[in-house]
Amino acid sequence: AVAGRRIDRPLVLWFPEWPVTAWGLATGSSLDAPIAVVAANRVVSCSAAAAAEGVAAGQRRREAQSRCAELRVLPADPARDAREFEPVVECIEQLAPGVQVIVPGECALRARGLAGYVGGEAEAAEVLLEAVVVELSIASGRVGIADGLFAAGQAARCGDPVRVVPPGESAAFLAPLPVSRLGDAELTGLLPRL
C-alpha cells in the first residue's frame, strides 16, 4: 500500500491449451482423443490425451506424430480462437468489468473491485472460475494474482487452479523460475550466457 491506498493488483485468468479448447467448442467435438493444433509445422497446443502420449507444444509435427500414431492434427486458426474466447470474456465481465484480453485464452482485470465485494483475492478468483465452469463448461481455467501483470500471468501457470502471490513477494516468487518463462527465444539463450 502506498500512502494509505491499496494498490490495484492484476488478476490473470489463463485457459491452458486454448486453441484445442476453442476447436472443441466451435465444432462441438470431444477433446478426449489425442489432438494437436499446429502452426508453421510446430505444435502450439495439444489435448490431455496427446500430452499423455508425449506430445508437447513446440515439437515439430512429425515428432508429435511419431510419438502418437493416432494424433489428429489441426491447423491453427487464430480467428476461431478469438471468436470462441468472446463468451468467456462476456461471462467474466458480468461479474467484473474492465477485462483486457492478452491473447485468446488469457485475460486480465483488476482484482480489487471483485475482491472487495466477495471478501478477498482468492475468493474473487474462485468466483470467476466457477462462473466460467457453470455457464460455459470450461473447466481448465487457472488464475494468478500478483503485484504485476507478468508475475500474475506466471502465477496462473504454476499448476494450481488459483495462485495468489502475497503483496510485495512477486520478486521472490519469480526468482526461481527458469529464464525460458520470459517467452523470448533470443533472450532465453542470451541471459544464461551472461
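Everything below is about the structure shown above.
Since this is a predicted model, take the numbers as computed values, not measurements.

*Asks:* Can you walk me through the sheet that holds strand β7 (residues 142-145) in this structure?
*Replies:* The strands that make up a sheet are held in pairs by hydrogen bonds between backbone atoms, and each pair lies either parallel or antiparallel. The sheet built from five strands is open, its strands ordered β5-β6-β1-β7-β8 with mixed pairing. Both edges of this open sheet fall to β5 (100-103) and β8 (162-164), since each of them pairs with a single strand only. In this sheet, adjacent strand axes meet at a mean angle of 20 degrees when their direction is disregarded. Relative to strand β6 (residues 106-110), strand β1 (residues 10-14) runs antiparallel, the two sharing five bridges. Bridging from a neighbouring strand, W14 pairs with E106 of β6. Across the sheet, helix α6 (residues 121-136) lies against β1, β6, β7 and β8, angled at about 155 degrees from β8, the strand it touches most.

*Asks:* How do you make sense of the packing of aromatic side chains when you look at a structure like this?
*Replies:* Think of a pair of aromatic rings as described by two things: how far the centres are apart, and how the planes are tilted against each other in angle. Under the definition given, this model contains three aromatic pairs. Ring centres 6.0 Å apart and planes at 70 degrees place the aromatic pair F15 and F85 in the edge-to-face group. Taken together, the positions of F15 in the loop between β1 and α1 (18-27) and F85 in helix α4 (residues 78-93) put the pair 70 residues apart, joining distant regions of the chain. Overall, F85 belongs to the buried group, its relative accessible area being 2%. Between W18 and F85, the ring centres sit 5.2 Å apart and the planes meet at 75 degrees, which makes this aromatic pair edge-to-face. Here F85 lies in helix α4 and W18 lies in helix α1, a separation of 67 residues in the sequence.

*Asks:* How do you make sense of the state of the cysteines when you look at a structure like this?
*Replies:* As used here, a disulfide is simply a covalent bond connecting the sulfur atoms of two cysteines. Taken as a whole and judged by the stated rule, the model has zero disulfides. Lacking any disulfide linkage, C46 is separated from the closest cysteine sulfur, that of C68, by 9.6 Å. C91 takes part in no disulfide bond, and the closest cysteine sulfur to it belongs to C107, at a distance of 10 Å.

*Asks:* Explanation requested: the sheet that holds strand β4 (residues 72-75) in the structure shown.
*Replies:* The sheet built from three strands is open, its strands ordered β3-β2-β4 with mixed pairing. Where the open sheet ends on each side, the last strands, each with one partner, are β3 (42-46) and β4. Pairwise comparison of adjacent strand axes, ignoring direction, gives a mean angle of 40 degrees for this sheet. Sheet topology places strand β2 (residues 35-39) next to β3; four bridges connect them, and they run antiparallel. Paired with A36 across the two strands is C46, which belongs to β3.

*Asks:* Would you explain the packing of α1 against α4 in this entry?
*Replies:* Helix-helix packing: each pair is described by the crossing angle between the helix axes and the interaxial distance. Close contact between α1 and α4 brings their axes to 9 Å; oriented N to C, the two are set at 80 degrees. As the angle between them shows, α1 and α4 are arranged roughly perpendicular. Mapping the contact onto sequence places W18, P19, A22, W23, L25 and A26 in α1 and R80, D81, E84, F85 and V88 in α4.

*Asks:* Whenever I open this one, the packing of α4 against α6 confuses me. Can you help?
*Replies:* Look at α4 against α6: their axes get within 10 Å of each other, and the N-to-C directions meet at 130 degrees. In terms of axis orientation, α4 runs oblique to α6. Crossing geometry of α4 relative to α6 is assigned as right-handed. For the pair formed by α4 and α6, the contact residues are P87, V88, C91 and I92 on the first element and L128, A131, V132, E135 and L136 on the second. Along the lines of polarity and charge, the residues of the contact of α4 with α6 split into eight nonpolar, no polar and one charged.

*Asks:* Whenever I open this one, the pattern of salt bridges confuses me. Can you help?
*Replies:* Note that side chains of opposite charge can pair when their charged atoms are close. Under the defined criterion, the tally for this structure stands at seven salt bridges. Put simply, E121 and R9 hold a salt bridge, and the shortest N to O gap is 2.9 Å. Taken together, the positions of E121 in helix α6 and R9 in the segment before β1 put the pair 112 residues apart, joining distant regions of the chain. Accessibility classification places E121 together with R9 in one group, the buried group. Put simply, R157 and E106 hold a salt bridge, and the shortest N to O gap is 3.0 Å. Linking R157 in the loop between α7 (149-156) and β8 with E106 in strand β6, this pair joins segments that are 51 residues apart in sequence.

Conventions and cut-offs
Along every chain, residues carry numbers that run from 1 in the direction the sequence is written. Reporting in this predicted model follows two pLDDT cut-offs: at least 70 for local features of residues, and 80 or more for side-chain atom pairs to be given and counted; totals over whole chains, interfaces and linings ignore these cut-offs and use all residues. By convention in this description, side-chain values take in all heavy atoms of the structure and omit both hydrogens and water. Pairing between two strands requires that DSSP report at least two bridges joining them. Runs of E in the DSSP output that reach at least two residues are strands. Runs of H or I that reach at least four are helices, and both are numbered from the N terminus. Every axis corresponds to a line fitted to the C-alpha atoms, with the helix fit spanning only the stretch in contact, and the corresponding angles, defined between N-to-C directions, vary from 0 to 180 degrees. Contacts between residues were defined by any pair of non-hydrogen atoms, one from each residue, lying within 4.5 Å. In summary, the pairing rule links any two rings of Phe, Tyr or Trp, Trp by its six-membered ring, whose centres are within 6.5 Å, and it sorts them by plane angle into stacked for under 30 degrees, edge-to-face for over 60 and tilted for everything else. Here the term buried applies to any residue with accessible area under 20% of the maximum for its type, exposed to any over 50%, and partly exposed to those in between, with areas from a 1.4 Å probe on protein chains only. Disulfides are defined in this document as cysteine sulfur pairs within 2.5 Å. Any angle that falls under 35 degrees is termed roughly parallel, while one over 145 is termed roughly antiparallel, one within 65 to 115 roughly perpendicular, and all others oblique. Two helices cross in a left-handed way if the nearer one is turned anticlockwise from the farther one by less than a right angle. They cross in a right-handed way if the turn is clockwise. The nonpolar class holds Ala, Val, Leu, Ile, Met, Phe, Trp, Tyr, Cys and Pro. Asp, Glu, Lys and Arg form the charged class, and all remaining residues, Gly among them, are polar. Just to be clear on terms, a salt bridge is a Lys or Arg side-chain nitrogen sitting within 4 Å of an Asp or Glu carboxyl oxygen.

Function cannot be inferred from these measures alone, as they are strictly geometric.
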